[in-house]
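Fold and geometry: a report
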Amino acid sequence: MSISLSSLILLPIWISMAQIQQGGPDEKEKTTALKDLLSRIDLDELMKKDEPPLDFPDTLEGFEYAFNEKGQLRHIKTGEPFVFNYREDLHRWNQKRYEALGEIITKYVYELLEKDCNLKKISIPVDATESEPKSFIFMSEDALTNPQKLMVLIHGSGVVRAGQWARRLIINEDLDSGTQIPFIKRAMDEGYGVIVLNPNENYIEVEKPKIHVQSSSDSSDEPAEKRERKDKVSKETKKRRDFYEKYRNPQREKEMMQLYIRENGSPEEHAIYVWDHFIAQSAAENVFFVAHSYGGLAFVELMIQREADVKSKVTAVALTDSVHNVWHQEAGKTIREWMRENCCNWVSSSEPLDTSVESMLPDCPRVSAGTDRHELTSWKSFPSIFKFFTEASEAKTSSLKPALTRRSHRIKHEEL
């Protein structure tokens, strides 16, 4: 059995405490002091001393992984799926490795959106200066000019970025279940324009500037000998502090600060911004939304803020295990009524696909996504969503025909 370095460091303290506890009441003070010392030791930080460096590859090839013809991530040499516990008993290091791979996956999906799906990467804010923080979305060439149909895709919260439903699925299952690419390709095949939102890209991270504290000693008033002595003490203190920090946290990561992107500082802000500057400006007669998890909440917030515009332009909304709440978000009666008629929420359930599921909230109908796994709900309801959109489009067209016929009869009658 291996013993970690942190255990060896703490062993003398534990032995001392055991010896002291065997002594009389006079030893209580020493016991209290040792307990206080133990309480000040951050075991999580101490454990980092056993870690290898947090230095990971920045390419899939560097990790020795690649996607096969089925879109599955496999080890180049062994053909095995991704292994999270690469090093036993080093959960934090394994997690950091997983996160580093996740960043590479994000860039890989971005490349697929541009090269495989022929989408354009559009920088936002549209009027951003060169120096300010920026984000981006993806659009098809005809997203703003397609006169018939536009599909808008919104993922959930967390580490996922544009084009993804779930990072876990991409790494452990395949690209089809974990990305929005099947939706994008089928939408374009069926004549939709496409806009892919990026609601979690709310800020950029930069290293925190180091603050240099000026010496309080006044060189003009203090004797040189005293000033030198103070400087020497200050340097020794800093040396001890740096040594302790290195001992306490050898894997210390850089201190970062967040610079938020103007008008896109949250998923809700992002959805409203893309609506105002792109979706509302599009030529499409019918706009359709697919929103997963927190994306559903962002859509409901968009409706609250732009109710009349959304009602006039959006034909149908497919939610997948949405976390919206019409009560907490204070959605009005007219919004709830519109959602009942134009939205459907495919929720995680063990029932067969499209089976009606009882809802506690008075908003849109809920049906089973055919899976009890939250992250799979978008992929499992994929065929049903496109059927839902087709039926909604046909219903809208048929509902307009009688009105047009009555109007034409009235015109003819007036002419007579």
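Since this is a predicted model, take the numbers as computed values, not measurements.

Counting buried positions along strand 10 (residues 314–320) gives 7 out of 7 residues, so the element sits mostly inside the fold. Sheet analysis places strand 9 (residues 286–292) next to strand 10, joined by 6 bridges and oriented parallel. Paired with V287 across the two strands is V314, which belongs to strand 10. Alignment of strand 10 against strand 11 (residues 343–347), held across 4 bridges, turns out to be parallel. Paired with V317 across the bridge in strand 11 is C343.

On to the packing of aromatic side chains, then. Applying the stated rule across the entire model yields 21 aromatic pairs. Consider the rings of F183 and F386, whose centres lie 6.1 Å apart with planes at 35°: the pair is tilted. Of this pair, F183 sits in helix 8 (residues 181–189) while F386 sits in helix 15 (residues 382–415); the two residues are 203 residues apart in sequence, bridging distant segments of the chain. Comparing F183 with F386 shows no difference in burial state: the two are buried. Within the aromatic cluster, the residues linked to one another by ring pairs are W165, F183, Y192, F288, W346, W379, F382, F386, F388 and F389.

Pairing is mixed in the open sheet, where 9 strands are placed in the order 3-4-6-5-9-10-11-13-12. Every interior strand has two partners, whereas the edge strands, strand 3 (120–124) and strand 12 (356–357), have only one. Both strand 3 and strand 4 (residues 135–139) contribute to a ladder of 5 bridges, which runs antiparallel. Counted as the bridge partner of S123 is F136 from strand 4. Contacts between helix 13 (residues 333–342) and the sheet are confined to strand 10 and strand 11, with strand 11 contributing the most and set at about 70° to the helix.

Parameters and conventions
- Residues numbered from 1 in each chain as written.
- Predicted model: local features only at pLDDT ≥ 70, side-chain atom pairs only at ≥ 80, totals over all residues.
- Heavy atoms only, no water.
- Buried < 20%, exposed > 50% of the residue type's maximum accessible area, 1.4 Å probe, protein only.
- Helix = DSSP H or I, 4+ residues; strand = E, 2+ residues; numbered from the N terminus.
- Pairing = 2+ DSSP bridges.
- Phe/Tyr/Trp six-rings, centres within 6.5 Å; stacked < 30°, edge-to-face > 60°.
- Contact = heavy atoms within 4.5 Å.
- Axes fitted to C-alpha atoms, helices over the stretch in contact; angles between N-to-C directions.

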